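Structural description and commentary
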Amino acid sequence: MPRRLPPLNPLRAFEAAARHGGMTRAAAELNVTHGAVSHQVRALEEALSVELFERRGRHLALTLAGQQLLPSVQQALDLIADASARLSRPDLDGRLTIKLPIAFAAKWLLPRLARFRDAYPQIELGLLPFRPGARERGEEADLTIDYGRGPWKRKWTRLIASIDLFPICSPRLINAGAPLREPADLARHTLIHDDDGTAWSNWLLVGGVEGVDGSAGLRMGTALLSIEAAVQGLGVALGDKAIATEELASGSLVRLFGLGVPATSYYYLVCDPDQLQVPRVRAFIDWLLDEAGQSFAR
């Protein structure tokens with residue numbers, strides 16, 4: 001059987017007038033004239049064959065019939081509004097898997113991740129850490145945070161941050177070891193690497209430092225281990241704002257010489273172009289770029 005329903009516009013006018021206790025404010029809310037609201041309410045009363053308001057000068061009071069009708073009308077309008085809002089909102093529910101360097105995950109992303117979860121509790125996030133350059137096969141990801149120079153063929157990419165590298169070490173090394181007053185003093189200390197020596201060699205070259213072998217020293221394999229080795233006083237590592245901020249703030253590491261040299265690799269967001277149409281991916285990209293803008297601008 002078809003539903004017998006009064007017209008929607010009179011119901012909206014009735015609800016607004018009842019909520020505001022008058023036609024004037026209801027008209028302002030609905031962006032119509034006072035007369036239009038009055039006309040709609042009268043039309044609803046005629047359709048239902050009942051009086052919904054007692055008119056007391058400029059003020060309105062609900063009749064018994066109006067009091068009985070109002071809660072159901074408000075509930076129905078709320079349901080319609082909620083359904084419409086859901087249709088206009090992107091579907092964020094589901095799992096989002098991100099591949100990223102181990103050090104970036106541990107030192108930069110995890111301390112900020114609670115803010116993302118508060119903003120998007122419906123997204124189930126999964127992290128797959130990897131070592132930049134290794135490119136080992138494994139579980140596929142929706143989005144990758146990579147550290148490199150590309151090119152990433154047939155991929156969408158966006159620069160997260162270009163960074164400067166600077167020497168860092170434990171205060172114990174300064175206090176107990178050979179002097180570390182100028183870059184040339186590095187010749188008497190162990191260099192800690194998280195790559196094949198390229199980063200240190202480039203830093204020494206750009207800084208005009210002679211007499212220091214940039215390929216010698218301890219090789220840790222990852223930036224995370226490199227930072228920890230420096231904290232333990234095993235030598236001097238290269239750090240950046242993404243991975244050394246916490247240790248520098250706590251004093252477990254100190255920055256040396258004040259010379260920062262642009263890294264030869266950068267942090268990038270990388271994904272298949274069609275992934276940009278997935279609301280979960282788009283939400284994470286927008287959030288991360290906003291966080292990065294605040295973090296690396298300081």
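Now for a look at the structure at hand. Within every chain, residues take consecutive numbers counted from 1 along the sequence as written. Residues qualify for local features only when their pLDDT is at least 70, as the model is predicted, and side-chain atom pairs are given and counted only at 80 or more; totals for whole chains, interfaces and linings, by contrast, use all residues. The side-chain figures draw on all heavy atoms in the structure; neither hydrogens nor water molecules are used.

**Focus: the packing of helix α1 (residues 8–20) against helix α2 (residues 23–30)**
Only the stretch in contact is used when a helix axis is fitted, and all axes are lines through C-alpha atoms; the angle between N-to-C directions ranges over 0 to 180 degrees. Strands are runs of DSSP state E lasting at least two residues, helices are runs of H or I lasting at least four, and both sets are numbered from the N terminus onward. Across the interface, α1 lies against α2 with an axial gap of 8 Å and an inter-helix angle of 125°. On the basis of the axis angle, α1 is oblique to α2. Handedness of the crossing formed by α1 with α2: right-handed. Residues R12, A13, A16, A17, R19 and H20 of α1 form the contact with α2, whose own contacting residues are M23, R25, A26, E29 and L30. Looking at the contact of α1 with α2 residue by residue, the class counts come to six nonpolar, one polar and four charged. Working rule for angles: under 35 degrees goes down as roughly parallel, over 145 as roughly antiparallel, 65 to 115 as roughly perpendicular, anything else as oblique. If you view the pair so one helix is near and one far, a crossing is left-handed when the near helix is turned anticlockwise from the far one by less than a right angle, and right-handed when it is turned clockwise. Contact definition: two residues touch when any of their heavy atoms are within 4.5 Å. All amino acids are sorted into three groups, where Ala, Val, Leu, Ile, Met, Phe, Trp, Tyr, Cys and Pro are nonpolar, Asp, Glu, Lys and Arg are charged, and the leftover types, Gly among them, are polar.

**Thoughts on the side chain of S170**
Examined against the element boundaries, S170 turns out to sit in the loop between β7 (164–169) and α7 (171–176). With a 1.4 Å probe rolled over the protein chains alone, any residue whose accessible area is under 20% of its type maximum counts as buried; one over 50% counts as exposed, and the rest are partly exposed. Relative accessible area serves as the criterion here: at 2%, S170 is assigned to the buried category. Apart from residues lying up to four places away in sequence, S170 is in contact with A230, V231, G233, S252 and L253.

**Some details on the pairing of strand β3 (residues 94–101)**
Counting buried residues along β3, six of its eight residues qualify, which places the element largely inside the surrounding structure. Strand pairing follows a simple DSSP-based rule, namely that at least 2 bridges must link the two strands. Bridging between β3 and strand β4 (residues 123–130) involves eight bridges; their strand directions are parallel. Paired with P101 across the bridge in β4 is F130. Relative to strand β5 (residues 143–148), β3 runs parallel, the two being bridged by two bridges.

**Details of unusual backbone geometry**
Located in the positive-phi region is S49, a residue other than glycine, with phi close to 60°. The topology assignment puts S49 in the loop between α3 (34–48) and β1 (53–56).

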